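# Breakdown of the fold
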Amino acid sequence: RFHHTSMSHLCSCSKTASDEKYQDPFQLGRKDLKNLYEDIKKELLVSTAELKEMCDYYFDGKGKAFRPMIVVLMARACNIHHNNSREVQASQRSVAIIAEMIHTASLVHDDVIDDANSRRGKMTVNQIWGERKAVLAGDFILSAASLALARIGNTTIISVLTQVIEDLVRGEFLQLGSKENENERFAHYLEKTFKKTASLIANSCKAVSILGCPDPKVHEIAYQYGKNVGIAFQLIDDVLDFTSCADCLGKPAAADLKLGLATGPVLFACRQFPEMNAMIMRRFSKPGDVERARKYVLQSDGVQQTTYLAQRYCHEATREISKLRPSPEREALIQLTEMVLMRDK
């Protein structure tokens with residue numbers, strides 16, 4: 001039902017020309033993201049060859065640049081809403097670059113914490129260069145992002161995007177802890193999901209809206225859109241950990257269980273199979289726990305319930321962004337909520 005209503009909502013949003021309405025978000029944002037990875041590499045000018053090689057490893061241009069894409073589409077949507085300007089300001093594009101740098105630095109550090117050996121279908125930085133150097137490479141990318149942020153020269157933007165780095169650290173700490181109380185467990189999971197994934201998208205969207213439009217209502221719309229899409233994105237990610245094959249994901253399947261993490265599908269499954277509680281508390285550490293937990297999840301409606309929850313967040317994101325004036329970029333952002341739900345890797 002959700003899918004039907006959201007699609008009909010998509011169709012009735014505005015009377016823009018149909019070719020504008022259904023433009024692929026990635027096509028629409030592409031011109032603003034041209035040379036994105038080359039520009040990131042310019043920010044990472046380093047003296048040592050090895051550090052440069054490590055930094056360039058994830059910025060290979062093969063990612064979908066999902067976060068920068070949302071940021072430039074939001075920038076345009078807010079600029080059009082404010083004064084019908086169709087241009088992305090240089091400072092707004094910088095936010096897109098900084099968002100991708102912060103995200104990538106967090107991946108490098110996450111892989112060290114998780115002792116991961118593959119990411120996006122290739123070996124992780126920590127596997128190739130070792131943990132110590134990987135930590136330093138992540139720190140270096142963060143420092144380069146901070147310099148780029150300072151160059152924007154706007155203290156509000158600095159404080160909005162610095163919040164992201166704080167949230168990433170707090171989110172990682174939340175992930176390292178677990179809640180005894182079942183009722184608190186889901187709230188803990190959603191808070192961790194916001195801090196680790198959605199805060200970056202929410203605050204980057206807010207930052208470009210501040211740069212493009214003085215209206216605080218628009219800043220809140222941009223923030224809420226980014227927050228809801230970000231949480232939905234992670235919920236679907238947690239579903240794919242159970243439903244997608246390792247080759248599609250570019251990392252091992254059931255990776256979260258192996259790390260001892262109880263994500264949405266597990267927490268929903270636990271309501272049907274209370275015997276999972278003990279496994280959650282010991283973080284799936286006993287032999288056979290991971291396989292049993294995975295079996296319980298697939299026997300339960302955990303995957304379905306998590307998908308429904310993601311749909312609700314996407315619906316909320318669509319509701320928020322629809323408050324802006326109609327534009328091809330606004331429609332593309334609505335369409336992105338559909339793409340988040342339909343992705344298979």
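Refer to the structure presented above.
All of the points below concern the structure found in this document. (Residues numbered from 1 in each chain as written. Predicted model: local features only at pLDDT ≥ 70, side-chain atom pairs only at ≥ 80, totals over all residues. Heavy atoms only, no water.)

### Here's the deal with the pattern of salt bridges
- Under the definition given, this model contains 19 salt bridges.
- Linking Glu172 and Lys196 is a salt bridge whose minimum nitrogen-to-oxygen distance equals 3.0 Å. Note that Glu172 is positioned in helix H10 (residues 155-176) and Lys196 in helix H11 (residues 182-212), a separation of 24 residues in sequence. The pair Glu172 / Lys196 is uniform in exposure class, with both members buried.
- Here Arg343 and Asp237 are joined by a salt bridge, their closest N and O atoms 3.0 Å apart. One end of the pair, Arg343, is in the segment after helix H19 (328-342); the other, Asp237, is in helix H12 (residues 216-243), with 106 residues separating them in the sequence.
- On the accessibility criterion, Asp237 (21% relative accessible area) is partly exposed. (Salt bridge = Lys/Arg side-chain N within 4 Å of Asp/Glu carboxyl O. Helix = DSSP H or I, 4+ residues; strand = E, 2+ residues; numbered from the N terminus. Buried < 20%, exposed > 50% of the residue type's maximum accessible area, 1.4 Å probe, protein only.)

### Remarks on the side chain of Ser199
- Mapped onto the fold, Ser199 is located in helix H11.
- Judged by its relative accessible area of 0%, Ser199 falls in the buried class.
- Discounting residues that sit within four places of it in the chain, Ser199 has contacts with Gln163, Val164, Asp167, Phe194 and Ser204. (Contact = heavy atoms within 4.5 Å.)

### What about unusual backbone geometry?
- Positive phi, normally seen in glycine, also occurs at Asn35, with a value near 60 degrees.
- Secondary-structure assignment places Asn35 in the loop between helix H3 (25-30) and helix H4 (36-43).
- Asn35 sits in the partly exposed class, given a relative accessible area of 45%.
- If you check the backbone angles, Phe284 has positive phi at about 55 degrees while not being a glycine.
- Mapped onto the fold, Phe284 is located in the loop between helix H16 (276-281) and helix H17 (289-299).

### Side note on helix H9 (residues 131-152)
- An ideal rise of 1.5 Å per residue puts 32 Å on 22 residues; H9 measures up with 32 Å between its terminal C-alpha atoms.
- All of the buried residues in H9 are Ala134, Ala137, Gly138, Ile141, Leu142, Ala144, Ala145, Ala148, Leu149 and Ile152. End-on, the buried residues of H9 take up no more than an arc of 160 degrees, which puts them together on one face. Projecting away from the buried face of H9 at angles above 90 degrees are the exposed residues Arg132, Leu136, Leu147 and Arg151.
- Looking one or two places after H9, you find Gly153, whose phi comes out positive at around 75 degrees. (Expected span 1.5 Å × (residues − 1). Arc of directions from axis to C-beta.)

### Things to note about a nonpolar patch on the surface
- A grouping of Ile113, Val169, Phe173 and Leu176 is seen on the molecular surface, where their side chains present a nonpolar patch of about 420 Å² in accessible area.
- The greatest single-element share of the nonpolar patch, amounting to 3 residues, is contributed by H10.
- When you line up the elements, Leu176 lands in helix H10.
- Residue Leu176 is classed as exposed on the basis of its relative accessible area, which comes to 54%. (Patch = residues over 30% accessible without salt bridge, like charges linked within 9 Å, V, L, I, M, F, W, Y side chains within 5 Å. Areas by Shrake-Rupley, 256 points an atom, 1.4 Å probe, with all protein chains shown as cover.)

### Structural notes on the packing of H9 against H10
- In contact at an axis separation of 9 Å, H9 and H10 are set at 160 degrees when each is read in the N-to-C sense. Taken together, the axis directions place H9 and H10 in an arrangement best described as roughly antiparallel. Crossing of H9 over H10 shows right-handed handedness. Side by side, H9 and H10 meet where Leu142, Leu149, Ala150 and Ile152 of the first sit next to Ile157, Ile158, Leu161, Thr162 and Ile165 of the second.
- Taken together, the residues of the contact of H9 with H10 sort by class into 8 nonpolar, 1 polar and no charged. (Axes fitted to C-alpha atoms, helices over the stretch in contact; angles between N-to-C directions. Parallel < 35°, antiparallel > 145°, perpendicular 65-115°, else oblique. Left-handed = near helix turned anticlockwise from the far one by under 90°. Nonpolar A, V, L, I, M, F, W, Y, C, P; charged D, E, K, R; others polar.)

### A few points about the packing of aromatic side chains
- Under the criterion given, the structure shown has 6 aromatic pairs.
- With a centroid separation of 5.5 Å and 80 degrees between ring planes, the pair formed by Tyr57 and Trp129 is classed as edge-to-face. In this pair, Tyr57 is assigned in helix H5 (residues 49-58) and Trp129 in helix H8 (residues 125-129), connecting sequence segments 72 residues apart. Accessibility classification places Tyr57 together with Trp129 in one group, the buried group.
- Through a chain of ring-to-ring contacts, three or more aromatic side chains come together here, namely Tyr57, Tyr58 and Trp129.
- When the ring centre of Phe233 is taken as reference, the NZ or CZ atom of Arg67 above it lies at 5.4 Å. (Phe/Tyr/Trp six-rings, centres within 6.5 Å; stacked < 30°, edge-to-face > 60°. Lys NZ or Arg CZ within 6 Å of the ring centre and 35° of its normal.)

### Observations concerning the environment of Ser85
- Tracing the sequence through the fold places Ser85 in the loop between helix H6 (66-83) and helix H7 (90-114).
- A relative accessible area of 25% means that Ser85 is categorised as partly exposed.
- A sequence separation of 114 residues divides Ser85 from Ser199, and the C-alpha atoms of the two residues are 27 Å apart.
- Residues contacting Ser85, with those up to four places away along its chain left out, are Arg76, Asn79 and Ile80.

### A few points about the environment of Leu324
- Note on placement: Leu324 falls in the loop between helix H18 (302-321) and H19.
- Taking the C-alpha atoms as reference points, Leu324 and Ala77, separated by 247 residues in sequence, lie 7.5 Å from one another.
- Setting aside its immediate chain neighbours within four residues, Leu324 contacts Ala77, Cys78, His81, Val218, Ile221 and Arg330.

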